[in-house]
Amino acid sequence: MFRPLSVFLGWRFSRARRRNRFISFISVASILGIAIGVGALILGLSAMNGFERELENRILSVLPHGQLHTADGPVTGWRDMASDMEAAPGILAVSPYVPLEGLLSKGAKLKAVQLQGVVPELEGRVSELTPYLGGASLTVLVPGERGLILGKAIADQLELEVGDRVSLLLPAPGSQGFGSPRRHSFTLQGIVSIGGQLDTVLGYTHLQDAQELKALGDAIAGFHLRVNEVLAADRLTMNAGMGLPAPFYVSSWMESQGNVYRDIQLVRTLMIVVLLLVMAVASFNIVSTLVMAVNEKKGDIAILKTMGAGPWQIRGAFMVQGLLNGVTGVLIGGGLGLLLATRLSELVAGLEHLTGHQFLNPEVYFIDFIPTEFHWADLWLVTGSALLLIFIATLYPAWRAGKLLPRQLLGEA
């Protein structure tokens, strides 16, 4: 069977029992370092992919991508405005809203809330709340029935269940927040359970009920928009509002949740840089291993050159030896990273249960668990980068071994 001499020698060198045990220790340390770096980077990238998925599937599916809020008080004729905006490029859906800021009261418990008065059929095109309503939908909000949909954290704080009555304290219309508040009775029709910070702020009622409580008639306070490019939400929302007959303030999800997106990208970048440095340090341990291996194999190199082995065959042998160590580390790290990345959420949940400590506080973070999403492209990128670093690390010792002359080697021996 044909076997290149360099591959055969590199395989034999890597399997041979070494007289210097320190070389074996450095070799094992480099393999473990590469494995840990590769595994940790795959695991970290999978976690970042998971956070991006949850940001898109939870936050950006529930919150409107863009928002227009009236600058000069409530506006009428919103149906024509909504039709004009839906015709604008990049706009998928438009829904009117009226905010209700007040206090929810149940017994001695109070909770400040900002409810959104919406049209269920239109808001359902902007915000995909149905998967988080436990089988219900926004259509449970019927005009005139004073129904509420609240985030789970709000309902839990007030000890509310679906069907319970709750009081909403609002300032009298036109009082600008001053004077005695008025108490209005509502019925809890649904609970939004997303998991995370959104459960502490979400609250909905029907648009007509909100208009009645604020004595607006058919006027509204603004629009919620859904766009086809979430990263361009600011521009698309502004373009859609440019031709409207009334002035509006423009905002997007980037103002309320953009810090989350930027934090994810920053952490991803820092993690890649740090762990690549870890892999680089581990890879360049191979330099020490091969330099000591060359010194240990001087007699063998002299014999091989005397028998006709060329410099590149000697260099190839030591490059193969270094690559075998590196590939072993990459395979171990890649397999370990793949295994842990696909089970990260379950492992962290088990650790939380074991320690009794929750790593992500839902009152602070937008989710209350560690997500994960493994991408094969990440595996190839990480392992390819590691192999490139390992290959570079083998070049100097292998080149040095190929330059040695038999008379020098035998003279030193």
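Definitions and limits used
- Residues numbered from 1 in each chain as written.
- Predicted model: local features only at pLDDT ≥ 70, side-chain atom pairs only at ≥ 80, totals over all residues.
- Heavy atoms only, no water.
- Phe/Tyr/Trp six-rings, centres within 6.5 Å; stacked < 30°, edge-to-face > 60°.
- Helix = DSSP H or I, 4+ residues; strand = E, 2+ residues; numbered from the N terminus.
- Buried < 20%, exposed > 50% of the residue type's maximum accessible area, 1.4 Å probe, protein only.
- Lys NZ or Arg CZ within 6 Å of the ring centre and 35° of its normal.
- Pairing = 2+ DSSP bridges.

## Here's the deal with the packing of aromatic side chains
Aromatic rings considered in pairs are described by the distance between their centres and by the relative angle of their planes. Taken as a whole and judged by the stated rule, the model has four aromatic pairs. Taking 5.9 Å as the distance between ring centres and 55° as the angle between the ring planes, the aromatic pair formed by Phe223 and Phe248 counts as tilted. Of the two residues, Phe223 sits in strand E8 (residues 222-227) while Phe248 sits in strand E9 (residues 248-252), which places them 25 residues apart along the sequence. Of the residues examined, Phe223 reaches a relative accessible area of 0% and is grouped as buried. Ring plane angle 25° and centroid distance 5.8 Å describe the contact between Trp376 and Trp380, whose orientation is recorded as stacked. Highlighted residues: Trp376 and Trp380, both in helix H12 (residues 376-403), separated by four residues, approximately one helical turn. The class of Trp376 is partly exposed, set by a relative accessible area of 48%. For Trp380, a relative accessible area of 57% gives the class exposed. By way of ring pairs, the aromatic residues Phe374, Trp376 and Trp380 are connected into one cluster. Over the aromatic face of Phe186 sits the side chain of Arg146, whose NZ or CZ is 5.7 Å from the ring centroid.

## Thoughts on the pairing of strand E3 (residues 109-118)
Relative to E3, strand E2 (residues 91-106) runs antiparallel, the two sharing ten bridges. In the strand pairing of E3, Val98 is matched with Gly117. In textbook terms, the turn of a hairpin is the stretch between consecutive antiparallel strands, and for E2 and E3 this stretch comprises two residues, one of which, Gly107, has a positive phi near 65°. Both E3 and strand E7 (residues 203-206) contribute to a ladder of three bridges, which runs parallel. When the sheet's bridge partners are listed, Gln116 is paired in E7 with Tyr204.

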